[in-house]
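# Observations on the model geometry
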Amino acid sequence: MASEETRPAATAAPESAPAPEPAPAPEQEPQAASDDEKESEWRPSRPPSPPQRNEDISEGSEATTRPGRPEPTSRYANLNYWKARRVTFYRNGDPYHPGVEFRFKPGRDLVSMDALLDRLSERLELPRGARFIFGMDGDRKYRLEELEDGASYVVSSYKTFKAASYGKKNGMWYGGTATGTSGWSRAVRKQSVVESDAPPPGGGKTTSGRVIRIINNMDHSIQCRVLLNLRTTQPFEEVLEDLGQVLKMSGAKRMYTITGQEVRSFSQLRNEFADVETFYLGTLMVPPAHSPGVSAPLPIESPIRRSRSRATVASIPVSDDTRGRRARSKSRPRALYAPEGEIIRNSDYTLLEVLKEEPIRLTIRGLRRTFYPPIHHAPIDNSPPEKKLQLDWVYGYRGADTRRNLWVLPTGELLYYVAAVAVMYDRDEESQRHYTGHTEDIQCMELHPSRELVASGQRAGRGRRAQAHVRIWSADTLQTLHVFGMAEFEAGVSAVAFSQLNGGSYVLAVDAGRESILSVWQWQWGHLLGKVATLQEELTGAAFHPLDDNLLITHGKGHLAFWNRRKDGFFERTDIIKPPSRTHVTALQFEPDGDVVTADSDGFITVYSVDSDGAYFVRMEFEAHIKGISSLVMLSEGTLISGGEKDRKVAAWDSLQNYKKITETKLPETAGGVRSIYPQRPGRNDGNLYIGTTKNNIMEGSLQRRFNQIVFGHHKQLMGLAVHPDDEMFATAGHDKNIALWKGHKLLFATQVGYECVSIAWHPSGGALAAGSTEGHLVVLNADAGAHVATLRVCGSPLNCLQYNSAGDILAIASQNGSIYLFRVSRDGFSYKKSNKIRGTQPLVQLDWSLDGNYLQTVTADYDLSFWDIKALSPEKSPIAMKDVKWSSYNSTIGFLVSGMWNNRFYPMTSLITAASRSSAHDLLISGDSDGYLRIFRYPCSSPKAEYNEVKVYSGSVYNARFLFNDRCLVSTGGIEAALMLWELVDD
C-alpha cells in the first residue's frame, strides 16, 4: 500500500490507445522438446496429442503404440496444455468494438482455423464474414497454435489490416498514448502520472480528483484526458511537469484555460475552474539574454492568440519592472482583455478582434462546449419569425404497427392517421384535411355510428400537455367536441369504440398500461360510468356488442373475454379463452344475429354462439389463411372479408352457407401484408375495397380485379432527405431500402435498392442522387427516371451523411467510423472516383461544406463540432481559426449562430436537438428535437431570448428537416412510423 506522500497525482487516459501488449508466453520446462521435434509428433489425420518430454518418448514411440500404458506423471507437469486458451477478438477498423472473448482448446473444441473463422462469423458483424485473423501488430495468423492465451487479435473480411487502438476505447476512458503520438514509452513518466484503462468508482466524480483534458499548446494534436488527484502532496509545479511528460513536453510550467486565464493552484481547479474541462500546457520561454528594447515573449501561447496558419503568435510586451513585481494572487485569474495599445496585430486577426464578442458556452449531455463568434455576422433579432408552419400534406399511411385504422367518410374521403395527425384524403380532388388536436402519436381511432364524429386516443408523452386522453371531434368541421381521460390513462389509449344500440352515447377506452384498465364513458358529459382492470399484457382491441350496450368484449394474446357492466358500475367477467392459451385473437366482428366472429394469429376464423342458458360455445372453426389474420369486415349481405398479414391474401366467405369460400386474391409483394380493410361504399356489397398494408401503403380494388396503389409510404425508419437545388422536388431514402422522389403531393418514382439507406444527397446539376447505406455502400441513381447507375463500396460502417460541394465535383461522405471520404465526381454526377480519406475517431452525423470548398464542418454523435481542412487532408484543431468561415449550407445542430436553440429561456431543454437547417435566404432556421417538436427561428439564432413558432406532430425524434429551394415549403421526417410531412410557410 502506497503511503500518502507517494500517492499519484494524475492518472492519464490518453486519446489514442496502443494495441494491448500480448500476454507473455508460458515458461517452457528446461527439457521440453524443440519446435521441430514437436511438429514431427503432430499427425494431420487426428487431433494433436499432448506435448511430451524427451525422456517420455521411447524408441518406436511407445506412447502411441501401447494405449493401455498409463500416462507418465511428467505429462501433467505442463498445465498450459490442459488449460483452455482465452483469446479476445476485435473487428477490423473499429476501435469502439468491445471485443468478443473466446475460450477454446485447440484440437478438442476447435480442430482447425476454418472452424474458428466459422464461429467468429456468427459472433462478429462483418460484411463478408470472418476470413482473416491478424495480431495487434498486423501479422496474419494461419494456425490455431499461433493464438496465445490471454492475447488479443483482429478479425477481418479482407486482407488489409487497419491499425487502431483496439480494446481500449470505452466512452471517455481508454488507455494508451496521447493523440498524435506513437511509441511513447510509459517508463519515462514520473509516478505522478500513471495511466489507467478504467474509470475510478463513481465514474470519475470523486471528492479527491477530477477528469480534465490537457492539450499541448505547441501542438494541439497532442492531447489526452487525465484523472487528476487534487489531494496529492506534490507541489503544483511538479504535477505540471508530470502532465507535460504525458504530452511529450519538457519543462511544462504553465496551465491556461481556453480563454487565457492562468491556473496556479489546486484550489483554483476545485473552485474557480470547477466547470472548465479543457486546459492548455506550455513551457516558460526565457530568452538567453535580455537587453533594453527587447521584450520577453509571453510565457505561453494562449489558445485564443493562435492564428490559423500558426506562423505568427500575438504577444504582449512585458517590461522589466513588471517582472520585478510581486506575483499575482493565485486565486485571482488574469485579465482576459489587454489594453488596446499593447495589441500586436496578426496576419489574420488580433486578440481584440477575437474577443470583440463573448463566446457562447453550452452544456450538452453534461459536457461543456464553447463556440466562438465570427467577426462579421447578421444582426441578432430575437423577435419571432414572420412565418409559421402550416401542415400541407402527409405522405404515407401507418400500417406497420397498428390495427383497424382505415375508414371511409360519407363524403368519400379516406380517414386514417399518421403520427399525431388524423388525415382525411379526398382522391377525387387530390386534397387532404388534417385534424391536429393531438399532442402525441394517435394509437387508436373509431368512427361514430353516424359516421360524422370520430373518437381518437393518443399515447402518453412527457409533460402535462402530453397526457394520454381521448378526443371526440367532428369530421366535417374538425372542431374538438369533448376531451376526457386526462390523468386517467397511464401509458396511452390502446383501443377505443362507440356503443351501437344507443346511437353512440357511450365510449369505451383501454389503457395501454400494465393493468390494461377498461373504462366506459358517457362522452357528452365526460362522466366515467365504470372501469375494471383486465390485467392483460397484450390487449389488441375491444368493442361493444351491437345488441347490448352493457356487454363489452376484449381480445388479445391468449385472451377473449366478455364483460357485463352492471348498474352499479361493476363488471362481471366471462373468459372464453383463458390465459394459458397461446391463441392470439387479432380481429373481431359480429354476425347480424349477434354471434361473435374472431380471427387469430394462427390463421383460423372461429364463430361463437350463445346457448339458452347464456353460455358461449364454439359453433364452428376453420382455417382461412396461412399464419396470422389481421382484419375482418362483415358486409351488409352477410359476406365476411378476411385479410392475411403473412400470405397477403384477401378472401371472401359466405356466412349464410357455413362460411363457404367465395373467392380470394393476393396482393403484390411490394405492397405488403393486409393490415386493415374497409369497403369503398359502406352499405353496398359490391366488393370494392380499400386495403391498408403493413408496408404503409393503401391499395384500391376488388376481389374480381387487381388492386392498385393509391398511397405510398416508407415503412421503416426514414432518415435520408434531400431537396432539389432549383425545383420544388425532394428525395427520401429509408431503412426499407426504398429511394423515393416526390414533387408536390405526388410520388414520381420509388426505386428498390439492395441496402438500407440512412442518407441522401442531390447533385447540384439536379440529374443524380447519391444515397449512403448502413453497410457502407454508395448508391447512385438517375434522378430523372429513378434508374440505378452505380453502387460503390466505401467502407464497412454506415454512411451517416453526405453532401456535394458547391461546384459538384467533390462528394464528401461522413461515416460512423469517424472518417471523411472524398470522391471525385463527373460533371453529370454519374461517375465517381475515390480520391482521399481523412481519418477520425468519433461517429459523424451532420456535415456542411464551406462556401469556397476548402473546409468541412461536422457534428459528432456526442455533439462535438469538428472542422476538416480539405487541402491539407487533416482535421482542423483550432475552432477560433474557423470562426469566420462562410458555409454554403448549415445543417449542423451546434455552433455559435444556432446556439439559441439550445439554451432558450422559453422552453425547458429536456430533449436534444436532432435536426436543423438554414433557409436558402439565410433568414430562417428550422430545428427538430427528440420530443418531436418543430421550431422555426430567425437566423442567426444565438441568443437565449430568441422567440420562435412551433408545432408538434411527432412522438419520437425529428430525424431531418429541410427548406425547399424557394423557402416556400419545408419537409420533415421523423417518428417511429417513418412519417413524412410537407409544411407550407405562411404569414404569422
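Residues numbered from 1 in each chain as written. Predicted model: local features only at pLDDT ≥ 70, side-chain atom pairs only at ≥ 80, totals over all residues. Heavy atoms only, no water.

## What to know about the overall build of the protein
Secondary structure assignment for the protein yields 8 helices and 65 strands. For the protein, buried positions account for 53% of its 988 residues. Counting contacts in the protein only where the partners sit at least 6 residues apart, residues at least 24 apart contribute 51% of the total. On the protein, roughly 44,800 Å² of surface is accessible, and the fraction owed to carbon and sulfur atoms is 47%. (Helix = DSSP H or I, 4+ residues; strand = E, 2+ residues; numbered from the N terminus. Buried < 20%, exposed > 50% of the residue type's maximum accessible area, 1.4 Å probe, protein only. Contact = heavy atoms within 4.5 Å. Areas by Shrake-Rupley, 256 points an atom, 1.4 Å probe, with all protein chains shown as cover.)

## A closer look at the packing of aromatic side chains
Applying the stated criterion to the full structure yields 24 aromatic pairs. An angle of 50° between the planes, with centres 6.4 Å apart, marks the rings of F161 and Y166 as tilted. Residue classification places Y166 among the buried positions, given a relative accessible area of 0%. Their ring planes at 20° and their centres at 4.1 Å tell us that F562 and Y616 sit as a pair that is stacked. One end of the pair, F562, is in strand β29 (residues 559-565); the other, Y616, is in strand β34 (residues 616-623), and 54 residues separate them in sequence. Accessibility expressed as a relative area gives 2% for F562, which makes it buried. (Phe/Tyr/Trp six-rings, centres within 6.5 Å; stacked < 30°, edge-to-face > 60°.)

## Let's talk about the UniProt feature "repeat: WD" (unreviewed entry) in the protein
UniProt feature "repeat: WD" (unreviewed entry): in the numbering of this structure it lies at residues 622-654 and 711-743. Taken end to end, residues 622-654 is 0% helix and 61% strand, and its two terminal C-alpha atoms sit 13 Å from one another. Taken end to end, residues 711-743 is 0% helix and 58% strand, and its two terminal C-alpha atoms sit 14 Å from one another. (UniProt positions renumbered as here; feature names shortened; annotations may be inferred.)

## A look at the nonpolar core
Ranked by internal contacts, the top residues of the largest apolar core, which has 60 residues, are L415, Y416, M445, L934, M981 and W983. Among the elements that make up this core, the one with the highest residue count is strand β65 (residues 979-987) (6 residues). Those residues within four positions of M981 in sequence are excluded, and the remaining contacts are L391, W393, V394, Y395, V418, A419, V421, V953, Y954, L970, V971 and S972. (Core = buried A, V, L, I, M, F, W, Y, C linked by side-chain atoms within 4.5 Å.)

## Considerations on unusual backbone geometry
Glycine aside, the phi torsion of most residues is negative, and most peptide linkages are trans. Across the junction of Y939 and P940, the peptide omega takes the value 0°, indicating a cis bond. By the secondary structure assignment, P940 is in the loop between β61 (933-938) and β62 (949-952). Backbone geometry places Y659, a non-glycine residue, at a positive phi of 55°. Structurally, Y659 can be placed in the loop between β37 (649-654) and β38 (660-666).

## Quick look at the sheet that holds strand β25 (residues 517-522)
The 4 strands are arranged β23-β24-β25-β26 in an open sheet whose pairing can be described as antiparallel. Each having just a single partner strand, β23 (493-498) and β26 (527-533) make up the two edges of the open sheet. Geometrically, the sheet is characterised by an average inter-axis angle of 15° between neighbouring strands, direction not taken into account. Sheet analysis places β25 next to β26, joined by 6 bridges and oriented antiparallel. Residue pairing across strands places S519 opposite K531, the latter belonging to β26. (Pairing = 2+ DSSP bridges. Axes fitted to C-alpha atoms, helices over the stretch in contact; angles between N-to-C directions.)

## Some thoughts on the pattern of salt bridges
Taken as a whole, this structure holds 33 salt bridges when the rule is applied. Residue R398 is joined to D401 by a salt bridge in which the shortest nitrogen-to-oxygen separation is 3.0 Å. Of the residues examined, R398 reaches a relative accessible area of 7% and is grouped as buried. Taking the relative accessible area as the measure of exposure, D401 reaches 42% and is therefore partly exposed. Linking D727 and K743 is a salt bridge whose minimum nitrogen-to-oxygen distance equals 3.7 Å. In this pair, D727 sits in the loop between β43 (718-723) and β44 (729-734) while K743 sits in strand β45 (residues 738-743), placing the two residues 16 residues apart along the sequence. Several salt bridges converge on common partners, so that one network encompasses R465, D929, R935 and E950. (Salt bridge = Lys/Arg side-chain N within 4 Å of Asp/Glu carboxyl O.)

## Some points on the pairing of strand β20 (residues 453-458)
In terms of burial, β20 is largely enclosed, as 6 of its 6 residues are buried. Of the two faces of β20, the one lined by L453, A455 and G457 and the one lined by V454, S456 and Q458 are each fully buried. Looking at chain direction, strand β19 (residues 442-447) and β20 are connected through 5 bridges and run antiparallel. Looking across to β20, one finds that I442 is bridged to Q458.

## A word on helix α5 (residues 236-246)
Burial analysis of α5 places 8 of its 11 residues in the buried class, which makes it a mostly covered element. Every buried residue of α5 is accounted for by F236, V239, L240, D242, L243, G244, Q245 and V246. Phi for K248, located one or two positions after α5, is positive at around 60°.

## Topic: helix α4 (residues 113-123)
Those residues of α4 that sit buried are M113, L116, L117 and L120. Taken down its axis, α4 places every buried residue within 100° of arc, on the same side. Relative to its buried face, α4 has exposed residues pointing more than 90 degrees away, namely D114 and E122. Residues of α4 that are buried in the fold lie against β2 (85-91), β3 (100-104), β4 (132-135) and β5 (152-156). (Arc of directions from axis to C-beta.)

## Side note on the side chain of T860
Within the secondary structure, T860 sits in strand β56 (residues 855-860). For T860, a relative accessible area of 2% puts it in the buried group. Within the structure, the side chain of T860 is placed 3.0 Å from the backbone nitrogen of D864, a separation counted as a polar contact. Residues contacting T860, with those up to four places away along its chain left out, are Q842, P843, L844, V845 and S866. (Polar contact = N/O pair within 3.5 Å; in protein donor to acceptor, adjacent residues only side chain to side chain.)

## Some remarks on the pairing of strand β53 (residues 820-825)
Buried residues dominate β53, accounting for 5 of its 6 residues. One ladder, built from 5 bridges, connects strand β52 (residues 810-814) with β53; its direction is antiparallel. By the bridge assignment, A814 is partnered in β53 with I820. As judged from the 6 bridges shared by β53 and strand β54 (residues 832-838), these two strands associate in the antiparallel manner. Its bridge partner being in β54, F823 is matched across the sheet by K834.

## Structural notes on the environment of N949
Looking at the element boundaries, N949 is found in strand β62. For the pair N949 and P384, spaced 565 residues apart in the sequence, the C-alpha separation amounts to 6.7 Å. Leaving out residues up to four positions away in the same chain, N949 has contacts with P384, P385, K387, K388, L934, R935, I936 and D988. Within the structure, the side chain of N949 is placed 2.8 Å from the backbone oxygen of K387, a separation counted as a polar contact.

## Some thoughts on the sheet that holds strand β51 (residues 801-804)
Read across the open sheet, the 4 strands follow the order β51-β52-β53-β54; overall the sheet is antiparallel. Either end of the sheet is taken by a strand with one partner, and the two such strands are β51 and β54. On average, each strand axis in the sheet is tilted by 20° relative to the strand beside it, whichever way the strands run. Bridge count for β51 against β52 is 4 bridges, and the pairing is antiparallel. Pairing of Y804 across the sheet is with L811, part of β52.

## Points about a positive patch on the surface
A cluster of basic residues, R128, R131, K162, R793, K834 and R839, forms a positive patch on the protein surface. Along the chain, R131 turns up in the loop between α4 and β4. (Patch = residues over 30% accessible without salt bridge, like charges linked within 9 Å, V, L, I, M, F, W, Y side chains within 5 Å. Lys, Arg positive; Asp, Glu negative; His and termini not counted. Charge placed at Lys NZ, Arg CZ, Asp CG, Glu CD.)

## Things to note about the environment of A419
Note on placement: A419 falls in the loop between β16 (414-418) and β17 (421-426). A sequence separation of 535 residues divides A419 from Y954, and the C-alpha atoms of the two residues are 5.6 Å apart. Once residues within four sequence positions are removed from consideration, A419 is found in contact with R398, D441, I442, V953, Y954, E977, A979 and M981.

## A few points about the confidence of the model for the protein
Chain-level pLDDT for the protein is 81 on average; 80% of the residues reach the 70-or-more range. Below a pLDDT of 50 lies the segment residues 1-76, which in the model reaches 129 contacts outside its immediate sequence neighbourhood of four places, other chains included. In this model residues 285-355 is a low-confidence stretch, pLDDT under 50, and it forms 114 contacts with partners more than four residues away in sequence or in other chains. (pLDDT = per-residue confidence, 0-100.)

## Structural notes on the side chain of Q432
You can see Q432 is positioned in strand β18 (residues 431-435). Exposure remark for Q432: the relative accessible area of 13% places this residue in the buried category. Reaching out from Q432, the side chain makes a polar contact with the backbone nitrogen of V394 at a distance of 2.9 Å. If we ignore the near neighbours within four places in the chain, the residues touching Q432 are W393, V394, Y416, V423, M424 and Y425.

## Description of the environment of I222
With respect to the helices, strands and loops of the structure, I222 is situated in the loop between β7 (209-216) and β8 (223-229). The class of I222 is buried, set by a relative accessible area of 9%. Distance from I222 to L247, taken between C-alpha atoms, is 6.1 Å for residues 25 residues apart in sequence.

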